[in-house]
Amino acid sequence: MGWTRSSVVAAALVLVLSIACAPLSFEEEAYLGRQVNDQIRHEADLVRDRQIWDYVRKIGHKIVAAAGPQPFTYHFYVVESGAINAFALPAGYIYVNTETIMQARNVSELAGVIGHEVGHVARRHVANNYRRQQNVGVLHRVGTYTAALIGGGMAGSAANMGGGLAAAAYLNSYGRDAEREADVFAVEVLPKAGYDPEGLVTFFETMMRESGGSLPAWLSSHPATSERIASTRTLIREADLPRGLRRTDGGRLEQIQKRIAALRRRRP
Ligand SMILES: [Zn+2]
């Protein structure tokens with residue numbers, strides 16, 4: 001009412017420009033996170049086993065608490081997949097694949113991966129990727145990233161996947177600076193949560209050694225170069241770390257790994 005045609009056009013233009021240029025507000029990010037998360041929960045093969053889920057959730061919340069006040073409430077989920085991967089949605093919805101848990105040699109390695117993902121959210125890399133995605137208009141093309149992210153066990157059911165996982169894949173393709181920043185975050189925060197940050201590095205090393213040329217999905221969306229391993233190791237060496245940081249958790253990880261193996265055997 002009372003709007004002229006040109007004022008509507010101008011308002012629309014301002015809206016488009018502000019969407020294209022302004023950083024995502026926390027409210028926008030929270031809204032976006034809920035949207036993508038609702039989709040993922042239908043698409044991904046979520047593990048609802050209480051012990052497995054709680055195990056990952058506790059590690060995640062311990063890390064978030066150590067990171068200090070956050071603008072979002074973080075949520076952690078476990079996805080049944082034979083691919084080593086973990087990914088973060090906007091506003092702190094973090095997913096860890098079962099194979100990542102299976103390949104971790106101790107809890108500090110799993111905590112390292114989770115700490116790195118929390119870092120991507122806390123440093124707003126996921127939100128920035130969403131902005132980048134809008135700028136280059138590739139929302140409809142994110143499907144091409146799905147295979148790269150999911151890979152392994154879920155590749156066979158890729159045809160059943162909708163846009164949520166594809167969007168997650170795109171939102172989790174970071175540049176070198178963002179990867180570095182997430183590593184710095186993990187090295188800072190993990191000791192405050194009681195975990196030895198060396199786990200992040202040893203997990204990278206195991207993956208590089210075992211991949212034999214073809215990098216697993218987590219490494220291709222978060223490339224672990226030897227340069228990155230070396231720089232993370234330097235960070236750790238230079239940090240004034242307290243003694244007695246935790247690497248193992250008294251056999252709990254191994255119990256959870258057995259549970260995942262049993263769960264897999266029961267599957268058709
Ligand atoms: Zn990363």
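Our subject is the structure listed above.
Residues numbered from 1 in each chain as written. Predicted model: local features only at pLDDT ≥ 70, side-chain atom pairs only at ≥ 80, totals over all residues. Heavy atoms only, no water.

## Quick look at the sheet that holds strand β3 (residues 93–97)
By way of backbone hydrogen bonds, the strands of a sheet pair with one another, either parallel or antiparallel. Strand order in the open sheet formed by three strands is β1-β3-β2, with mixed pairing between adjacent strands. The sheet terminates laterally at β1 (75–79) and β2 (86–89), the two strands that pair on one side only. With direction set aside, neighbouring strand axes in the sheet form an average angle of 20 degrees. Alignment of β1 against β3, held across five bridges, turns out to be parallel. Its bridge partner lying in β3, valine 78 is registered against valine 96. Along the sheet, helix α2 (residues 26–43) makes contact with β1, β2 and β3, crossing β3 at roughly 30 degrees. Sitting on the sheet, helix α3 (residues 50–66) is in contact with β1 and β3, with an inclination near 145 degrees to β1. (Pairing = 2+ DSSP bridges. Helix = DSSP H or I, 4+ residues; strand = E, 2+ residues; numbered from the N terminus. Axes fitted to C-alpha atoms, helices over the stretch in contact; angles between N-to-C directions. Contact = heavy atoms within 4.5 Å.)

## Quick notes on unusual backbone geometry
Of note in this structure, alanine 91 is not a glycine but carries a positive phi near 65 degrees. Within the secondary structure, alanine 91 is located in the loop between β2 and β3. Positive phi, close to 65 degrees, is recorded for arginine 124, a residue that is not glycine.

## A short note on the pairing of β3
Taking burial as the measure, the five residues of β3 include five buried ones, the bulk of the element. Alternating residues of β3 divide into Tyr93, Tyr95 and Asn97 and Ile94 and Val96, and every residue in both groups is buried. For β2 and β3, the ladder comprises four bridges, and the chain directions are antiparallel. Counted as the bridge partner of leucine 89 is tyrosine 93 from β3. In textbook terms, the turn of a hairpin is the stretch between consecutive antiparallel strands, and for β2 and β3 this stretch comprises three residues, one of which, alanine 91, has a positive phi near 65 degrees. (Buried < 20%, exposed > 50% of the residue type's maximum accessible area, 1.4 Å probe, protein only.)

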